[in-house]
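# Structural features, examined
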Amino acid sequence: MKLLRLLVLLLVLPAYAQQGGMWIPSLLKGMNEKEMKSLGMKMTAEDIYSVNHSSLKDAVPHFNGGCTSEVISSKGLLLTNHHCGFGEIQAHSTIDHDYLTDGFWAMTLEEELPNPDMEATFIIRIEDVTNKVLEGTQSITSEKERQKKIQDNIASLTRSLPKESWQENSIRTFYEGNQYMLFVTETYKDVRLVGAPPSSIGKFGSDTDNWVWPRHTGDFSLFRIYASKDNKPAEYSKDNIPYTPKHFFPVSIGGIRENDFTMVFGYPGRTTEYLPAVAVEQIVNVLNPAKIEVRDAALKVADGFMRKDNAIKIQYAAKYASIANYWKKWIGESQGLKKSNAVAIKKKFEKDFLAKAAKAGKQGEYGNLFTEFEKNYKEIEPYSLARDYFMEVALRNTELLTTGYRLYQLEQVYNARGEQSFTDRKANTIAALEGVFKDFNKDVDEKVFEQLIALYGTKSPKQFLPQEVIGADYKALTASVYSTSKLTSLNGVKELLEGDAKTVIAKLNADRGYQLIKAMADAYSTKVAPKYDEINLKIASLQRTYMKGILELSPKDARIFPDANSTLRVTYGKVNGYEPRDATYYEPVTYLDGVIEKYIPGDYEFDVPAKLIDLYNKKDYGPYGENGKMPVCFIGTNHTTGGNSGSPAIDARGNLIGLNFDRVWEGTMSDIYYDPSICRNIMVDMRYVLFIIDKYAGCKRLIDEMKIVDGKKNKRKK
Ligand code: ARG
Ligand code: ASP
């Protein structure tokens with residue numbers, strides 16, 4: 001009897017048993033729609049994406065190219081993460097008005113703060129243009145020429161395909177060059193800061209809690225889109241008016257339960273889910289460890305200074321957070337790939353793939369694929385490693401070298417395009433460096449440099465290194481650079497940049513720091529980059545063939561989604577806890593009680609504002625609490641990645657229930673291998689967002705302009 005039940009269960013076991021995937025919103029009809037409904041969704045594919053009437057996609061703009069945001073009122077109120085608005089909040093902060101520390105709340109429209117260079121981009125429609133893009137490529141055999149033809153086609157189609165004058169066209173590739181899609185977009189350029197909680201709420205737990213569940217961060221901030229009088233995109237003007245959206249999300253205070261349907265709609269940046277096993281092995285064994293070691297050293301030095309010196313702590317806070325973010329992710333990723341046996345699983349997949357190919361009589365096309373992958377990945381390994389060392393050491397973690405590299409590019413521009421281009425670029429370079437030097441400390445940078453140049457000189461493949469760093473006395477090398485180079489202060493750099501191109505270049509080449517970065521950059525661009533690009537092109541073409549094979553040889557309704565490419569995607573799943581390790585289960589919801597448990601008075605990561613403690617003690621949660629408790633964050637089985645930050649988490653009827661901002665530690669490998677048993681995304685519960693706006697900040701006017709629904713009772717209204 002039991003056996004029979006099990007058998008029946010296995011037979012009807014729905015596809016979502018192995019969930020994951022980030023899907024193209026215009027292609028949900030069929031398999032996805034069916035699966036979403038089986039998970040509890042009460043909407044149709046047309047409610048999510050429609051060209052003819054308003055749909056959810058009209059409320060989900062790309063936020064400044066990197067994050068996602070959503071419109072939550074009829075007056076263009078925009079919600080995103082605190083860490084996505086961080087730069088703007090910081091830019092408006094001064095000693096007297098420290099919005100990062102204290103929070104910011106515009107109590108009227110007039111108090112909302114403009115942000116130069118900020119953008120919110122809406123998708124108007126998505127169209128398949130594969131045939132047009134590939135026109136004339138069938139007969140080309142050289143991969144390089146094929147790519148060139150495709151680029152030319154894309155450029156001319158982008159210009160010629162129909163759009164309104166205030167819109168833009170862009171074409172992106174999907175499935176590694178097997179499909180091309182056109183995106184028609186509208187970009188709003190007047191986006192103002194409306195509200196942000198203090199960092200002790202918006203960044204609570206900081207780097208210690210980053211990538212970790214259970215989480216207690218109120219990671220949100222509020223902006224508003226402004227438009228011209230006729231509701232069109234416009235540059236900032238005080239005459240602009242709040243934007244009227246085609247759609248905005250009602251906000252649900254109905255609460256969430258384990259196993260409720262959730263959908264996350266946003267702009268995932270980049271994933272590589274179809275890498276061959278050999279590539280994953282290389283990431284785990286060679287590339288991740290190298291990058292982690294470099295950042296480990298850089299972070300240790302910075303941390304030592306930040307703990308002793310408050311001014312340095314403030315100067316390096318944002319830099320530290322951004323370096324630490326991927327450092328920590330790579331560690332989690334490597335661990336997760338090992339623990340989930342990703343390499344073995346991929347090897348098995350490849351074996352099955354070859355068997356299917358043989359059965360379909362396609363051995364000729366696919367039979368050599370993995371031998372070719374092996375060969376090319378083996379060949380590219382030292383180049384990839386050298387590339388990572390150059391990037392991490394010179395371009396990301398030591399500011400003297402990064403600054404030097406900008407000037408190196410200036411010299412290149414002069415050599416390639418002459419005096420006028422040089423002069424134009426010089427102005428931009430100076431402006432950019434003003435920002436860099438605001439938060440620069442020579443002692444910190446020197447100590448970081450000393451560590452990193454030694455790693456570069458001893459661990460990066462020797463055959464590509466400039467002679468002077470191989471086996472050098474790194475202490476002496478560091479001292480010789482930092483005691484004389486003018487690249488350690490803004491004034492020094494400005495001095496170097498004074499005069500015409502010839503004069504500047506002569507001065508640069510006499511500078512000890514410049515000489516070093518020039519030698520490093522020359523070595524990289526002559527010995528590493530060309531060969532790297534060449535092999536990489538071969539790998540890309542193999543990957544395209546592999547992808548084509550996967551699509552061709554899988555059953556019709558197989559769940560094969562295209563890798564993330566910063567375009568709008570839908571991912572869906574359920575509110576769900578998980579078992580991170582033996583005998584441990586993580587519940588899917590956290591509460592304010594957990595904030596108080598983590599509270600460390602005065603700590604820079606775990607301090608809690610007095611007012612929040614007060615509200616907690618009084619249990620003054622208004623309509624947002626549940627059974628006397630205040631929910632804070634929750635997790636689900638939605639497949640997300642970097643770029644999904646700020647994405648709306650949506651319930652079965654299209655109401656907003658959460659705000660996506662992170663993933664759990666055990667599942668950070670989901671960019672390479674998604675394991676549904678331990679990959680979870682982390683969201684702020686919208687009830688916590690509303691509670692902070694209403695009860696903590698007293699910014700009632702914002703609550704009043706939203707449409708609050710009890711998602712359990714109310715049907716979704718347009
Ligand atoms: N890990 C999240 C993401 O990749 C949040 C990063 C911001 N928070 C931080 N502590 N650095 O963007
Ligand atoms: N924190 C990421 C972001 O900023 C999201 C993620 O990687 O899960 O986009």
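See the structure shown above.
Let me sum up the structure you'll find in this document. Source: prediction; values computed, not measured. (Residues numbered from 1 in each chain as written. Chains lettered and ligands numbered in written order. Predicted model: local features only at pLDDT ≥ 70, side-chain atom pairs only at ≥ 80, totals over all residues. Heavy atoms only, no water.)

### Comments concerning the sheet that holds strand β8 (residues 168-174)
In a beta sheet, neighbouring strands are held together by backbone hydrogen bonds and run either parallel or antiparallel to one another. Stated formally: The criterion for strand pairing is that DSSP finds at least two bridges linking the strands in question. Strands are runs of DSSP state E lasting at least 2 residues, helices are runs of H or I lasting at least 4, and numbering of each runs from the N terminus. Contacts between residues were defined by any pair of non-hydrogen atoms, one from each residue, lying within 4.5 Å. All axes here are fitted lines through C-alpha atoms, helices being fitted over the stretch that makes contact, and every angle between N-to-C directions spans 0 to 180 degrees.
Spatially, β2-β1-β7-β9-β8 is the arrangement adopted by the five strands of the open sheet, whose pairing is antiparallel. Pairing within the sheet leaves two strands with one partner each, and these edge strands are β2 (67-68) and β8. Both strand β1 (residues 62-63) and β2 contribute to a ladder of two bridges, which runs antiparallel. The residue bridging Phe63 from the neighbouring strand is Cys67, located in β2. Against the sheet, helix α7 (residues 143-160) makes contact with β8 and β9 (179-188), and its axis sits at roughly 150° relative to β8, the strand it touches most.

### Quick word on the site of ligand 2
Basically, it comes down to this: One heavy atom within 4 Å of a molecule or strand makes the whole residue count as near it. Here a polar contact is taken to be a pair of N or O atoms separated by no more than 3.5 Å, where protein atoms must pair a possible hydrogen donor with a possible acceptor and residues adjacent in sequence count only if both atoms sit in side chains. Here the Shrake-Rupley method, with its probe set to 1.4 Å, supplies the accessible areas, and only the displayed protein chains count as covering residues. Gly is placed with the polar residues, together with every amino acid not listed as nonpolar (Ala, Val, Leu, Ile, Met, Phe, Trp, Tyr, Cys and Pro) or charged (Asp, Glu, Lys and Arg).
Around ligand 2 sit His83, Trp211, Thr641, Gly642, Gly643, Asn644, Ser645, Phe661, Asp662 and Arg663, and those are all the residues in its vicinity. Here His83 contributes a side-chain N or O atom positioned 2.8 Å from an oxygen atom of ligand 2. Coverage of ligand 2 by the protein amounts to 90% of the 270 Å² it exposes when considered alone. Top element by residues in the shell around ligand 2 is strand β21 (residues 656-663). It accounts for three residues. Looking at the shell around ligand 2 residue by residue, the class counts come to two nonpolar, six polar and two charged.

### Observations regarding the pattern of salt bridges
Under the convention used in this document: When a carboxyl oxygen of Asp or Glu lies within 4 Å of a side-chain nitrogen of Lys or Arg, that pair is called a salt bridge. Exposure categories follow from relative accessible area, calculated using a 1.4 Å probe and restricted to protein chains: below 20% of the type maximum is buried, above 50% is exposed, and the middle band is partly exposed.
With the rule as written, the count across this model stands at 43 salt bridges. As a salt-bridge pair, Asp58 and Lys57 come within 2.7 Å of each other at their nearest N and O atoms. A relative accessible area of 4% places Asp58 in the buried class. Close ionic contact of Lys518 with Glu411 constitutes a salt bridge, the shortest N to O distance being 3.1 Å. Pair noted here: Lys518 is in helix α21 (residues 512-553) and Glu411 is in helix α15 (residues 399-417), with a separation of 107 residues, a long-range link. Beyond isolated ion pairs, a larger network of salt bridges with shared partners links Glu112, Arg224, Arg701 and Glu705.

### A closer look at the site of ligand 1
In the vicinity of ligand 1, the residues found are His83, Ser206, Asp207, Asn210, Trp211, Ala321, Asn325, Phe661 and Asp662. Measuring from a nitrogen atom of ligand 1, one finds a side-chain N or O atom of Asp207 at 3.4 Å. A distance of 3.0 Å separates a nitrogen atom of ligand 1 from a polar side-chain atom of Asn325. The fraction of the free accessible surface of ligand 1 (340 Å²) that becomes covered by protein chains is 87%. Within the residue set of the shell around ligand 1, elements represented by two or more residues are α9 (206-209), α11 (310-339) and β21. Classifying every residue of the shell around ligand 1 by side-chain character gives three nonpolar, four polar and two charged.

What is shown is where atoms sit, not what they do.
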